[in-house]
Amino acid sequence: MSQTDASSWNKILFHINYFEQGQTLEEACRLARELGGDGIEFRRKPLRSELAGSAYLDELARAIDKHPLEWVSFGAPGPDFMSSDAAVRERELESAISFYTEAAGRFPLKVVNTMTGRLANPDSTVSFLEYEKHGSALAIDEQWTQAIEGFKVLGAHAEKLGFRFAFETHGVYLHDSLEATLKLVRSIGSPAVGLLWDQLNLMLFPSTPPLAEAVELCGEDLFYVHLKNALVPPRQFLACCDLDAGIINIREQVKLLKAAGYQGPWCIEAPRPGDRVRFAKKDLAYLREVLAEV
């Protein structure tokens, strides 16, 4: 089981979606510290359209100067390597290199969530939640090659800068299932490119590996873990809930990862409406309790 460093086991990041209900970046950093988190996984491109590139990182730097965070990560969107247009892919690669070079020079960047570009079924009658009809199920050889070649370059760049990429298991992307994500990671073959395991995302497929099997499959390629929970009754109905209240046994997941030697950080997520600051308090307290007991 891959290790980020020996001190990462108790490090908990908030996904920025806990603080996207009108809060500024400064308020997000302040809340993360006040609530007792160790850091935030921000978006690579923020939801606020007026912020972009260096202006975004400037505002983020001001926020972190006022409310220092031990861990800073970035997530979606990743570079889009699914386009058939070579010029588009080259621009995406250059943009990613520019962003991560600047971010790594300004923040304590250790591991980041990344993606390869959306790969949705062109049939408008196919539901977004029918994950098995999107992503890797549609991918052609050229798209695999494009993603592999792009991240060979980015992986080498990340090695020089001292951080690592982790592909999130996420529907409607090439890296949707564990099998597809591991195929991508191992085809790239870089020590700076691995996997981000999100079990709830996997549970939206018709068939999902049990927790123990998923941990075994991830092996040394697991760099990062997203934790969230939901109630999933019939197909295509999803009710996100508190971390301790859904169908995933988070305690079992943590125990299995501990037994397998995982030492990386955790990122809790809030993909639901309502009072997300309140959710942040509850979810963080629960995970702290589980980590302490395990």
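Notes on the structure follow. Not measured: the values here are computed from a predicted model. Every chain is numbered independently, its residues counted from 1 as its sequence is written. Reporting of local features is limited, given that this is a predicted model, to residues whose pLDDT is at least 70; pairs of side-chain atoms are given and counted only at 80 or more, and all residues count toward the totals for whole chains, interfaces and linings. Excluding hydrogens and water, the side-chain figures rest on all heavy atoms present in the structure.

Focus: the pairing of strand 2 (residues 39-42)
Link 1 in the chain: Throughout, exposure labels follow a simple rule: accessible area from a 1.4 Å probe, protein chains only, divided by the maximum for the residue type, with under 20% read as buried, over 50% as exposed, and the rest as partly exposed. Runs of H or I in DSSP of at least four residues are treated as helices and runs of E of at least two as strands, each being numbered from the N terminus. Here strand 2 shows a buried face lined by G39 and E41 and a second buried face lined by I40 and F42.
Link 2 in the chain: Pairing between strands requires that DSSP locate at least two bridges from one strand to the other. Of the strand pairs in this sheet, strand 1 (residues 12-15) and strand 2 are connected by three bridges, and their pairing is parallel. Residue pairing in the sheet places H15 in a bridge with E41 of strand 2.
Link 3 in the chain: Assignment of crossover handedness uses the view with strands pointing away from the viewer, where a clockwise path from the first strand over the helix to the second indicates a right-handed crossover. Following the chain from strand 1 across helix 1 (residues 25-35) to the adjacent parallel strand 2, one finds a crossover that is right-handed.
Link 4 in the chain: The pairing of strand 2 with strand 3 (residues 71-74) spans four bridges and is parallel. Bridging from a neighbouring strand, E41 pairs with S73 of strand 3.

Observations regarding the sheet that holds strand 3
Link 1 in the chain: Strands sit in the order 3-2-1-10-7-6-5-4 across an open sheet of eight strands; the sheet is parallel. This sheet does not close on itself; its edge strands, each paired only once, are strand 3 and strand 4 (111-114). With direction set aside, neighbouring strand axes in the sheet form an average angle of 30 degrees.
Link 2 in the chain: Lying on the sheet, helix 4 (residues 141-161) is in contact with strand 4, strand 5 (164-168) and strand 6 (193-198); it crosses strand 5 at an angle near 140 degrees. As a rule, the C-alpha atoms of each element are fitted with a line to give its axis, helices using only the stretch in contact, and angles between N-to-C directions run from 0 to 180 degrees. Whether two residues are in contact is decided by their heavy atoms, any of which lying within 4.5 Å being enough.

Describing the packing of aromatic side chains
Aromatic ring pairs: the centre-centre distance and the angle between the two ring planes describe each pair.
Link 1 in the chain: Ring pairs are drawn from Phe, Tyr and Trp, using the six-membered ring of Trp, whenever the two centres fall within 6.5 Å, and their geometry is named by plane angle: stacked under 30 degrees, edge-to-face over 60, tilted for the rest. Evaluated as defined, the whole model comprises 16 aromatic pairs.
Link 2 in the chain: Between F99 and Y100, the ring centres sit 5.3 Å apart and the planes meet at 85 degrees, which makes this aromatic pair edge-to-face. Each of the two residues, F99 as well as Y100, counts as buried.
Link 3 in the chain: Residues Y100 and F163 carry aromatic rings whose centres are separated by 5.7 Å and whose planes lie at 35 degrees to one another, so their mutual orientation is tilted. One end of the pair, Y100, is in helix 3 (residues 86-106); the other, F163, is in the loop between helix 4 and strand 5, and 63 residues separate them in sequence.
Link 4 in the chain: Throughout this description, the term charge over a ring refers to an Arg CZ or Lys NZ atom that lies within 6 Å of the ring centre and within 35 degrees of the ring normal. Positioned above the aromatic ring of F99 is the side chain of R44, whose terminal nitrogen or guanidinium carbon lies 6.0 Å from the ring centre.
Link 5 in the chain: A cation over an aromatic ring shows up here: K110 above the ring of W71, its NZ or CZ 4.1 Å from the ring centre.

Remarks on the state of the cysteines
Disulfide: a covalent bond formed between the sulfur atoms of two cysteine residues.
Link 1 in the chain: We call a pair of cysteine sulfur atoms a disulfide when they lie within 2.5 Å. Going through the model one piece at a time under the given rule, you end up with zero disulfides.
Link 2 in the chain: With no disulfide of its own, C29 lies closest to C267 among cysteine sulfurs, the gap being 14 Å.
Link 3 in the chain: In this structure C218 is not part of a disulfide, and its nearest cysteine sulfur, from C267, lies 16 Å away.

Brief notes about helix 7 (residues 211-218)
Link 1 in the chain: Three or more residues of helix 7 are buried, namely L211, A214, V215 and C218. Viewed end-on, helix 7 has its buried residues packed into an arc of 100 degrees, placing them on one side of the element.
Link 2 in the chain: Buried positions along helix 7 lie against helix 5 (178-188), strand 6, helix 6 (199-202), strand 7 (222-227) and helix 8 (250-260).
Link 3 in the chain: Within two residues after helix 7, G219 carries a phi angle of roughly 55 degrees, on the positive side. Summarising the geometry, the arc corresponds to the directions from the helix axis toward the C-beta atoms.

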